[in-house]
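# Working through the structure, step by step
As a plain string of letters, each chain reads:
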Amino acid sequence: MLQDKFVMLGLAIAGQWTNLYAPPNIGKTLITIAELREQIRSGDISGSDVFYVNADDFYNGSVMKIEIAEQFGMEMLVPNHNGFKAHDLLTIVKGLVSKDQARNVVIILDTLKKFTDLMDKSAASAFGAIAREFISAGGTLICLAHTNKHKDAEGKGIYAGTSDIVDDSDCVYVIDKISADDLTGKHVVEFTNKKARGDVASTASFQYTRTPGQSYLQLLDSVKRIDKHALEVVKKKTAIEKQLELDDELIEALRECISAGPLPKSEMISQVNKDAGFSHRQIRQVLRRYTGHNYADGARWKEEKGNHNKSTFTLLHPPSPFG
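### Looking at the overall build of the protein
Along its length, the protein carries 10 helices and 14 strands. Its C-alpha radius of gyration of 26 Å places the protein more than 25% over the 20 Å reference for a compact globule of 323 residues. The buried share among the 323 residues of the protein stands at 46%. Long-range contacts, defined here as pairs at least 24 residues apart, represent 61% of the contacts in the protein between residues at least 6 apart. Surface exposure of the protein reaches about 17,300 Å², of which carbon and sulfur atoms provide 50%. The positive charge centre, built from 40 side chains, and the negative charge centre, built from 42, are 4 Å apart in the protein.

This is how it looks when you write it as structure tokens:
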């Protein structure tokens, strides 16, 4: 039996077939390479056993990734270079199985659609049969694929293609973008497990920083895992920003009214209703939603009690970046 170990810590177990689904440009390749590098550096897997098939990249991107892979001993194959063709891959896998050479070999397919038709049940099923032979012979397979344009009831991504690939594999994760901060360049994504055989994480979260002019190695070095508490902070901030965007027009109408001078709450609601056309109910909801004392938590004004216990409002302002 193979020793129970991770090829990607907490996410992909050696001797299993794992699929990672994500929308384009979310960082699935980046995080996969970063996680493979960590496991190779830690000695849990050998770089010479890992074959990353980069079939979804432009020329310069392929060259950069090959140079980086060579630094930590991982093999990287690029279709149409050095005689390697994408359609040869399955033949090579079959050869490893027939020659009893699949044991401990780790193959990453980026992306899966280059090696089978995900929309064709027969093609996907045939690929699954070969993949299962490889796994049964001691190999490890990690496939990167895309989600479709639709979301599930919880707002999470849904894998693209027929269910055959998911049904035949051992482990499935869907990767969703949690936030992307244009100011800091920080991106946060979350892996959510949809299928598991073995002790893998139900969720995992990663952050990376993308800045103008940086090299791919610098981008790779910026990848780090974040814990559940840090993720919840990011999710809360993202939810606040999304709601602020939705309420922007009414917030601005209320800010103008508050800036014009203190009015009792009821009079202010009537004034905004008259000037901006929002209903009394909408105005009360937004007024309540953004009442508080902490601008960073979404508050945009604070409430004060005046004469005869009537409420008036004062605007809050963002904290100075200079402290």
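### Concerning the pairing of strand 13 (residues 301-305)
Two elements, strand 13 and strand 14 (residues 311-315), share five bridges in a ladder whose sense is antiparallel. Pairing of K302 across the sheet is with T314, part of strand 14. Once strand 13 ends, the chain turns through five residues before running back antiparallel as strand 14, passing H308 with a positive phi of about 60°.

### Considering the packing of helix 3 (residues 89-98) against helix 4 (residues 121-136)
One can describe the packing of helix 3 onto helix 4 by two numbers: an axis separation of 9 Å at closest approach and a directional angle of 35°. Crossing of helix 3 against helix 4: the hand is left-handed. Of the residues in helix 4, those in contact with L90, V93, K94, L96 and V97 of helix 3 are F127, I130, E133 and F134. Looking at the contact of helix 3 with helix 4 residue by residue, the classes come out as seven nonpolar, no polar and two charged.

### What about the nonpolar core?
M74 and F191 are the most contacted members of the largest nonpolar core, which totals 40 residues. With six residues, the single largest contributor to this core is helix 1 (residues 28-42). When neighbours within four sequence positions are excluded, M74 is seen to be in contact with L36, I40, G47, V50, Y52 and A69. Core analysis: the next-biggest nonpolar cluster, separate from the first, contains 28 residues, W17, A55, F115 and F134 among them.

### Description of the layout of surface pockets
The calculated volume of the largest pocket comes to roughly 640 Å³. Looking at the largest pocket, it is lined by 25 residues, and the ones nearest its centre are K177, I178, S179, T238 and K242. Sorting elements by how many residues they give to the lining of the largest pocket places helix 7 (residues 228-246) first, with eight residues. A class-by-class count of the residues in the lining of the largest pocket yields eight nonpolar, five polar and 12 charged. There is about 510 Å³ of room inside the second largest pocket. Forming the boundary of the second largest pocket are 21 residues, of which N25, T29, D57, K65 and Y216 lie nearest the centre. Listed by contribution, the elements that provide at least two residues to the lining of the second largest pocket are helix 1, helix 2 (59-71) and helix 6 (216-221). Here the lining of the second largest pocket is built from residues that sort into seven nonpolar, eight polar and six charged.

### Points about empty space enclosed by the protein
Summed over the entire model, instances satisfying the criterion amount to one cavity of 30 Å³ or more. Its boundaries defined by the atoms lining it, the largest cavity holds a volume of some 50 Å³. Of all the elements in the fold, those that place two or more residues in the lining of the largest cavity are helix 3 and helix 4. With four residues, the top contributor of residues to the lining of the largest cavity is helix 4. When its residues are assigned to classes, the lining of the largest cavity shows nine nonpolar, no polar and no charged.

### Quick look at helix 1
Over its 15 residues, helix 1 extends 21 Å from the first C-alpha to the last, a length consistent with the 21 Å expected when each residue adds 1.5 Å. Taken across its 15 residues, helix 1 has 12 buried, putting it largely inside the fold. When helix 1 is considered as a whole, its buried residues turn out to be K28, T29, L30, I31, T32, I33, A34, E35, L36, R37, Q39 and I40. Positive backbone phi, at 85°, marks G43, one or two positions downstream of helix 1.

### Focus on the pairing of strand 6 (residues 106-110)
With respect to burial, strand 6 is a largely interior element, five of its five residues being buried. Where burial is concerned, the two faces of strand 6 agree: the one with V106, I108 and D110 and the one with I107 and L109 are both buried. Where strand 4 (residues 50-54) meets strand 6, five bridges bridge the pair, whose relative direction is parallel. Paired with F51 across the two strands is I107, which belongs to strand 6. Inspection of the sheet shows strand 6 paired to strand 7 (residues 140-151) by five bridges, in the parallel sense. In the strand pairing of strand 7, I108 is matched with I142. As for the winding sense of the linkage, the β-α-β connection from strand 6 through helix 4 to strand 7 is right-handed.

Calculation criteria
- Within any chain, residue numbers begin from 1 and follow the written order of that chain's sequence.
- For this predicted model, a pLDDT threshold of at least 70 governs which residues receive local features, and a threshold of 80 or more governs which side-chain atom pairs are given and counted, while totals over whole chains, interfaces and linings are taken from all residues.
- As a rule here, side-chain values cover all heavy atoms of the structure and leave hydrogens and water aside.
- To qualify as a helix, a DSSP run of H or I must reach at least 4 residues; to qualify as a strand, a run of E must reach at least 2; elements of each kind are numbered from the N terminus.
- Between the two quantities, the radius of gyration covers C-alpha atoms and the globule rule is 2.2 Å times the number of residues to the power 0.38.
- Relative accessibility thresholds used throughout: buried, under 20% of the residue-type maximum; exposed, over 50%; partly exposed, between the two (1.4 Å probe, protein chains only).
- Throughout, a contact is declared for two residues whenever any of their heavy atoms are within 4.5 Å.
- Here the Shrake-Rupley method, with its probe set to 1.4 Å, supplies the accessible areas, and only the displayed protein chains count as covering residues.
- Charge counting follows a simple rule: Lys and Arg are positive, Asp and Glu are negative, and His as well as the terminal groups are ignored.
- By convention, the point assigned to a charge is CZ for Arg, NZ for Lys, CD for Glu and CG for Asp.
- Two strands make a pair as long as DSSP finds a minimum of two bridges between them.
- Fitted lines through C-alpha atoms serve as axes, helices being fitted only where they are in contact, and the angles separating the N-to-C directions of these axes extend from 0 to 180 degrees.
- We call a crossing left-handed when the near helix sits turned anticlockwise from the far one by less than a right angle, and right-handed when that turn is clockwise.
- Each residue receives one of three labels: charged for Asp, Glu, Lys and Arg, nonpolar for Ala, Val, Leu, Ile, Met, Phe, Trp, Tyr, Cys and Pro, and polar for the others, Gly being one of them.
- In this text, buried Ala, Val, Leu, Ile, Met, Phe, Trp, Tyr and Cys residues form a nonpolar core when linked through side-chain atoms within 4.5 Å.
- Computed over the protein atoms alone on a 1 Å grid, cavities are sets of points where a 1.4 Å probe fits but cannot get out and pockets are open sets with protein on both sides within 12 Å along at least five of seven lines; a residue lines them when it has an atom within 4 Å of a point.
- Grid points are joined across faces, edges and corners, and a volume is the space filled by probe spheres set on the points.
- What a helix should span is 1.5 Å times the count of its residues minus one.
- If you view a crossover with the strands going away from you and the path from the first strand over the helix to the second runs clockwise, you call it right-handed.

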